[in-house]
Amino acid sequence: DLDSVAYGFMASQALFTGLELGVFDRIAEAGDAGTDVTALRAKCGCDAPRLQTLLTSLVAVKCLRRSTDGMYTLSPNTAQYMVSSSRHFYGDYLRYQIGRQF
């Protein structure tokens with residue numbers, strides 16, 4: 001249905017943007033404690049309100065987890081497949097595909 005296609009597109013765009021900005025690598029570098037939006041803003045060079053919107057989207061699609069005190073950590077799948085230091089990283093493939101589908 002049309003809604004599934006539209007929302008699927010938005011979810012993939014959030015994933016691709018997180019990958020392009022290095023959000024997943026920056027959160028992985030923070031370790032198990034995670035990191036907050038202020039630290040990510042400095043490391044990713046992204047405007048805070050826009051970054052907050054992206055992080056909220058990534059939490060909604062279960063790429064990230066957000067604690068009650070505002071710390072972001074990676075979901076297990078994101079840690080395995082979207083962190084460039086992981087031996088299972090396939091972000092390069094996704095980066096290659098961005099904008100090449102049609």
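All of the points below concern the structure found in this document. Here the structure is a predicted model, which is why all the values come from computation and not from measurement. (Residues numbered from 1 in each chain as written. Predicted model: local features only at pLDDT ≥ 70, side-chain atom pairs only at ≥ 80, totals over all residues. Heavy atoms only, no water.)

1. Structural notes on the side chain of T35
- Tracing the sequence through the fold places T35 in the loop between helix 2 (23–30) and helix 3 (37–44).
- With relative accessibility at 6%, the residue T35 sits in the buried group.
- If near-sequence neighbours (up to four positions away) are discounted, T35 is found in contact with I27, A30, L40, G70, M71 and Y72. (Helix = DSSP H or I, 4+ residues; strand = E, 2+ residues; numbered from the N terminus. Buried < 20%, exposed > 50% of the residue type's maximum accessible area, 1.4 Å probe, protein only. Contact = heavy atoms within 4.5 Å.)

2. Section: the pattern of salt bridges
- Inspection of every chain in the model, using the stated rule, returns three salt bridges.
- Here R95 ties to E20 by a salt bridge, and the two come within 3.7 Å at their closest N and O atoms. With R95 in helix 6 (residues 91–97) and E20 in helix 1 (residues 2–21), this residue pair connects regions lying 75 residues apart in the sequence.
- Overall, R95 belongs to the partly exposed group, its relative accessible area being 30%.
- The closest approach of N and O atoms between R26 and E29, which form a salt bridge, is 2.8 Å. With R26 and E29 both in helix 2 and three residues apart, the pair spans about one turn of that helix.
- Among the charged side chains, a salt-bridge network with shared partners connects E20, D92 and R95. (Salt bridge = Lys/Arg side-chain N within 4 Å of Asp/Glu carboxyl O.)

3. Notes on a nonpolar patch on the surface
- Among the surface-exposed residues, Y7, F9 and M10 lie close enough to one another that they form a single nonpolar patch of about 370 Å² accessible area.
- For F9, the location among the structural elements is in helix 1. (Patch = residues over 30% accessible without salt bridge, like charges linked within 9 Å, V, L, I, M, F, W, Y side chains within 5 Å. Areas by Shrake-Rupley, 256 points an atom, 1.4 Å probe, with all protein chains shown as cover.)

4. Observations concerning the environment of P76
- Structurally, the position occupied by P76 is in helix 5 (residues 76–81).
- The class of P76 is exposed, set by a relative accessible area of 53%.
- Spatially, the C-alpha atoms of P76 and L51 are 21 Å apart, while their sequence positions differ by 25 residues.

5. Some points on the nonpolar core
- Within the largest apolar cluster, 22 residues are counted, with the highest numbers of intra-cluster contacts made by V23, F24, I27, L51, L55, L58 and L64.
- Elements represented by at least two residues in this core include exactly helix 1, helix 2, helix 3, helix 4 (48–60) and strand 2 (72–74).
- Dropping the residues within four chain positions of it, F24 is found in contact with L15, G18, L19, L58, C63, L64, L74, T78, M82 and V83. (Core = buried A, V, L, I, M, F, W, Y, C linked by side-chain atoms within 4.5 Å.)

6. What about the environment of L64?
- Assignment of secondary structure puts L64 in strand 1 (residues 64–66).
- Considered as a pair, L64 and A42 are 22 residues apart in the sequence and their alpha carbons are 19 Å apart.
- Excluding anything up to four places from it in sequence, L64 contacts F24, I27, L55, L58, V59, Y72, T73, L74 and S75.

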